[in-house]
Protein chains: 2
Amino acid sequence: MHHFDAETALVRVDANTWRGTLSEAWNIGNNPNGGYLLSVVLAALREAVPHPDPLTITAHYLRPGVAGTPCDVQVDLLREGRTLTTARASLRQRGVIGVEVLAAFGDLSVPAGVAQELTIPPAPIPPPEACVPRSGTAQGVGLAIAERLDVRLHPDLATAGTAGRAETAGWIRFRDGRPPDAGALPLFADAFPPSPFALLGVVGWVPTIELTVHVRRRPVPGWIRAQFRTRDLQSGRMIEDGLLWDSAGHLVAESRQIGLVMRATAQSGEKS
Amino acid sequence: MHHFDAETALVRVDANTWRGTLSEAWNIGNNPNGGYLLSVVLAALREAVPHPDPLTITAHYLRPGVAGTPCDVQVDLLREGRTLTTARASLRQRGVIGVEVLAAFGDLSVPAGVAQELTIPPAPIPPPEACVPRSGTAQGVGLAIAERLDVRLHPDLATAGTAGRAETAGWIRFRDGRPPDAGALPLFADAFPPSPFALLGVVGWVPTIELTVHVRRRPVPGWIRAQFRTRDLQSGRMIEDGLLWDSAGHLVAESRQIGLVMRATAQSGEKS
């Protein structure tokens, strides 16, 4: 079993409740990465829902996760249809909600409408070996998660405050060789440095209020290519859009999050 | 009182439940528009939540609304913070959920982070008087909603199947002079013809699975300018992105939905 699967594993304790312990291996600074927390919720949803693929997942981050301590995930199925199941789920620690999720699952291998296709071509990014490994030092924060995820940044966008635009791009894969799948894409959509850093420098913590991921296609094995851009930052609230492609060049996920770009403080760091 | 406020009004029947009747005045074909249904849910949330502005609203459409019949909206506050309240809400008719909403409210007049700003300039669109009024006839569907909303389409994008790209753009306002506000933007984000029509022609019904709206700024009075684009359509599932600007040229909302672009059938029509 790969780390990702072992460290998101839960035990079902009743019809609607799963239980586990949040790992410290996916921390950014002192708290678990938001994509990891979402993956724990998805582990419960996957068992509860008859359809295989998460088509649209919205996560609201209410409180930071506490690594090394237990969590419960409670799932409610809202509608089970022939082609789609809609469900909500709450991740709780010590009785209070940390992450609230609303999602719809379907089957990406089954066509759902017209045959015409439109897509977004892969962003031009130098190959992984010509990119810069993501470093916690450059962001002034401990990156336990870097032992789990191999993230390579576009060299033009790797140094905070020097890119001239609010963009992050590069490559991502599991370090232990686990192939990417539809269930890994929400994690990958929240595992790059916040795109405002490239423009503004490391300004402070970037807490995510809400993240929505649309999984568009099951990825083939290999690196996932990713691009994240913030074109809209008002009163400290950013909208960051993400695109993920598999190694065959297929668009496999789109993401959008609203987050706060905080002023630098003594505890400057990183998004949850 | 303006039509929008009267026809989304609810009565609180207990601490967490509001009751009303869905109006027929916002129908597209035989069913209420999805933006209208969401506005009914927001009417309950607005009373339940201490913060004034919906910052991020995600709606899942589980079943079509039935106009002219009662509905209940049940609200659960998930977290009340100093700057943000997170809540979920379910709109039910005859005991089953039609629309499920997860949202965070805050105060757009209060800065939440860094002072630097980024924005997306208004799309170039001819003035409203040079645009084409939206017509149900052109889409082969009854448009009761056209009595409530004045929608003008960019002349290059107004005829289905002729635009060469999956884009809708134009202007929108309430017919009765009600000024736009933060609470009207989710409605406006779901009141234009589906953008694939411009490229593919009227292909069939376009049911929304999930719609997320980020309200970015309170609009000033006047027309709202809007642009909707589908760049990603795979296996009949589209991701449509929307941008809304107020009459001062400020970006006031962003939207994204996943919907199904169905093959044409005898009941070809329009998104819910």
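Conventions we followed
Numbering of residues begins from 1 in every chain and follows the order in which that chain's sequence is written. By the order in which they are written, chains take letters starting at A while ligands take numbers starting at 1. Only residues with pLDDT of 70 or above have their local features reported here, since the model is predicted, and side-chain atom pairs are shown and tallied only from 80 upward, although totals for entire chains, interfaces and linings are computed over all residues. Side-chain numbers come from the whole structure's heavy atoms, not from hydrogens or water. Strands are runs of DSSP state E lasting at least two residues, helices are runs of H or I lasting at least four, and both sets are numbered from the N terminus onward. Here's how the labels work: a residue is buried when its accessible area is under 20% of the maximum for its type, exposed when over 50%, partly exposed in between, all with a 1.4 Å probe on protein chains only. Any pair of nitrogen or oxygen atoms within 3.5 Å is treated as a polar contact; in protein, a donor-acceptor pairing is required on top of that, and neighbouring residues in sequence qualify only through side-chain atoms on both sides. Note on contacts: a residue pair qualifies if any of its non-hydrogen atoms lie within 4.5 Å across the two residues. By convention, the term buried area covers the 1.4 Å-probe accessible surface removed from two parts as they join, with the contributions of both added. A side-chain nitrogen of Lys or Arg and a carboxyl oxygen of Asp or Glu constitute a salt bridge if their distance falls within 4 Å. Asp, Glu, Lys and Arg are counted as charged, while Ala, Val, Leu, Ile, Met, Phe, Trp, Tyr, Cys and Pro are counted as nonpolar; the rest, among them Gly, fall into the polar class. Here, any two strands with at least 2 DSSP bridges between them count as paired.

J.: What exactly am I supposed to notice about the side chain of Gln93 of chain B here?
T.: All names here are of chain B. Here Gln93 is to be found in strand β7 (residues 85-93). Under the relative-accessibility criterion, Gln93 is labelled buried at 10%. Of note is the side chain of Gln93, whose polar atom sits 2.8 Å from the backbone nitrogen of Val66. In this structure the side chain of Gln93 is engaged in a polar contact, spanning 3.1 Å, whose partner is the backbone oxygen of Pro70. Residues in contact with Gln93, not counting those within four places in the same chain, are Leu22, Pro64, Gly65, Val66, Thr69, Pro70 and Cys71.

J.: For this particular structure, what's the right way to read the interface of chain A and chain B?
T.: One frequently used descriptor of interface size is the decrease in accessible area upon assembly of the parts. Chain A puts 60 residues into the contact, and the matching count from chain B is 60 residues. Taken as a group, Leu118, Arg216 and Arg256 of chain A account for 13% of the area that chain A buries against chain B, more than any other trio of residues on that side. At the boundary of chain A and chain B, one finds 8 salt bridges. Split by residue class, the side of chain A that touches chain B holds 29 nonpolar, 15 polar and 16 charged.

J.: Help me understand the pairing of strand β13 (residues 224-234) of chain A in this model?
T.: Within a regular strand, side chains alternate between the sheet's two faces. All names here are of chain A. Counting buried residues in β13 gives 9 out of 11 residues, a clear majority hidden from the surface. Bridging between strand β11 (residues 167-174) and β13 involves 6 bridges; their strand directions are antiparallel. In the strand pairing of β13, Thr168 is matched with Phe228. Both β13 and strand β14 (residues 237-245) contribute to a ladder of 9 bridges, which runs antiparallel. Considered in β14, the bridge of Arg225 is made with Trp245. The antiparallel hairpin formed by β13 and β14 contains 2 residues in its connecting segment, where Ser235 sits at a positive phi of about 55°.

J.: What's the story with the pairing of strand β8 (residues 96-106) of chain A in this structure? I'm lost.
T.: All names here are of chain A. Judged by how many residues are buried, β8 sits mostly within the fold: 10 of 11 residues are covered. Bridge count for strand β7 (residues 85-93) against β8 is 9 bridges, and the pairing is antiparallel. Among the inter-strand pairings, Arg88 is bridged to a residue of β8, identified as Leu102. Counted along the chain from β7 to the antiparallel partner β8, the turn is 2 residues long, and its residue Arg94 has a positive phi close to 50°.

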